[in-house]
Amino acid sequence: MIVTRFAPSPTGRLHVGHAYSALFAYRMAQEAGGKFILRIEDIDPVRCHKEFEHGIYEDLGWLGLDWEKPVRRQSDHMDEYSTALTKLQNRGLLYPCFCTRKDIREEVERSGHAPHGPEGLLYPGLCKGLSDDERAAKIASGIPYAFRLDLDKALQEIKGPLTWVDRARGEQIATPEILGDAVLARKDIQTSYHLSVTIDDHVQGVTVVTRGDDLFYASHLHRLLQELLGLNVPEWHHHPFLTDEDGERLAKRNHAITIQHYREAEGKTPQDIMEMIGL
Ligand code: GLU
């Protein structure tokens, strides 16, 4: 059975770009007689707010979507992310990273070498070579730290090239090196988008991960995490973004007009929204 999901972060009200993404997943499930899941990605307690979570339910309900309840909220499952993290850590696949953004910038300037990935600068490896004693001393002195994936070691555990299927672009060979030694547990929240989303999609039995093209790169890393953690491998379907007349992405936080605004201030109907997004 096809299981799709829409996984918004409650950091603001939904705009039409979100509506497109949600409907994309919803319709795919409906057309296949499958299941659509809504998941709330609220690992970041500073940026996520309950009122926005309620706004998500309100807007999607108004658009005519329904979903399985109770809804999985990532903040209720921090222990599962931490168990997975410990597994990776026990295999020596993670290392603590004490760097600030400034440390990373300075190292890049010093070395004159600045490889970039889709999320910005790739980590130049400052904390990778620390000895166990140096790590212990830093931890003991209370310096906050993240956990990064040691990509070299992780790739050594993988036999043969990893592949994955994007329904729009065909079979892909995973190239997680585009993200370098990615952070799997942030300093402030002990997990990360990459780790949580990969585990959730497995736990919830998602068979087709649908999301915008901007996260295409992330799937390379997620495929690797699935392999390392022994998780199910779904298919993916990354869809293009809605753009306005100037080709500007509608998802750009400040420019986007919210569904709530269209409904309450402009009196639009769900049908109007469907037409706007071309569905
Ligand atoms: N929570 C992510 C966001 O709102 C989406 C994650 C995903 O679909 O994988 O951008």
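Please refer to the structure placed before this passage.
Residues numbered from 1 in each chain as written. Predicted model: local features only at pLDDT ≥ 70, side-chain atom pairs only at ≥ 80, totals over all residues. Heavy atoms only, no water.

Participant: Looking at this structure, I do not really get the site of the ligand. What am I missing?
Facilitator: In the vicinity of the ligand, the residues found are Arg5, Ala7, Pro8, Ser9, Glu41, Tyr193, Val197, Arg211 and Leu215. A distance of 2.7 Å separates an oxygen atom of the ligand from a polar atom in the side chain of Arg5. When the ligand sits alone it has 300 Å² of accessible area, and the protein chains cover 75% of it. (Near = heavy atom within 4 Å. Polar contact = N/O pair within 3.5 Å; in protein donor to acceptor, adjacent residues only side chain to side chain. Areas by Shrake-Rupley, 256 points an atom, 1.4 Å probe, with all protein chains shown as cover.)

Participant: Is there a simple way to think about empty space enclosed by the protein in this case?
Facilitator: Here the idea is plain: a probe the size of a water molecule rolls over the atoms and shows the empty space left. The final tally for this structure, using the stated rule, is one cavity of 30 Å³ or more. Here the lining of the largest cavity gets three residues from one element, more than from any other, and that element is helix α7 (residues 193-203). Residues belonging to the lining of the largest cavity are distributed by class as follows: two nonpolar, four polar and one charged. (1 Å grid on protein atoms, 1.4 Å probe; cavity = no way out; pocket = protein on both sides within 12 Å on 5 of 7 lines; lining within 4 Å. Points joined across faces, edges and corners; volume = space filled by probe spheres on them. Helix = DSSP H or I, 4+ residues; strand = E, 2+ residues; numbered from the N terminus. Nonpolar A, V, L, I, M, F, W, Y, C, P; charged D, E, K, R; others polar.)

Participant: In this structure, what is going on with the sheet that holds strand β7 (residues 146-149)? I would like to understand it.
Facilitator: Sheet strands pair by backbone hydrogen bonding; their relative direction is either parallel or antiparallel. Spatial strand order, β4-β7-β10: three strands in an open sheet with antiparallel pairing. Two strands lie at the open edges of the sheet, namely β4 (94-97) and β10 (183-185), each paired on one side alone. Neighbour to neighbour, the strand axes of the sheet diverge by 45° on average, direction disregarded. As judged from the two bridges shared by β7 and β10, these two strands associate in the antiparallel manner. Counterpart to Phe147 in the pairing with β10 is Ala185. (Pairing = 2+ DSSP bridges. Axes fitted to C-alpha atoms, helices over the stretch in contact; angles between N-to-C directions.)

Participant: Can you walk me through the side chain of Arg72 in this structure?
Facilitator: One can find Arg72 in strand β3 (residues 72-73). A polar atom in the side chain of Arg72 sits 3.0 Å from the side chain of Glu80.

Participant: Just checking my understanding: could you explain the environment of Val165 for this structure?
Facilitator: Relative to the helices and strands, Val165 is located in strand β8 (residues 163-166). Judged by relative accessible area, Val165 falls into the partly exposed class, the value being 31%. Along the backbone, Val165 and Ser82 are 83 residues apart, and their C-alpha atoms lie at a distance of 28 Å. Residues contacting Val165, with those up to four places away along its chain left out, are Gly170, Glu171, Glu235 and Trp236. (Buried < 20%, exposed > 50% of the residue type's maximum accessible area, 1.4 Å probe, protein only. Contact = heavy atoms within 4.5 Å.)

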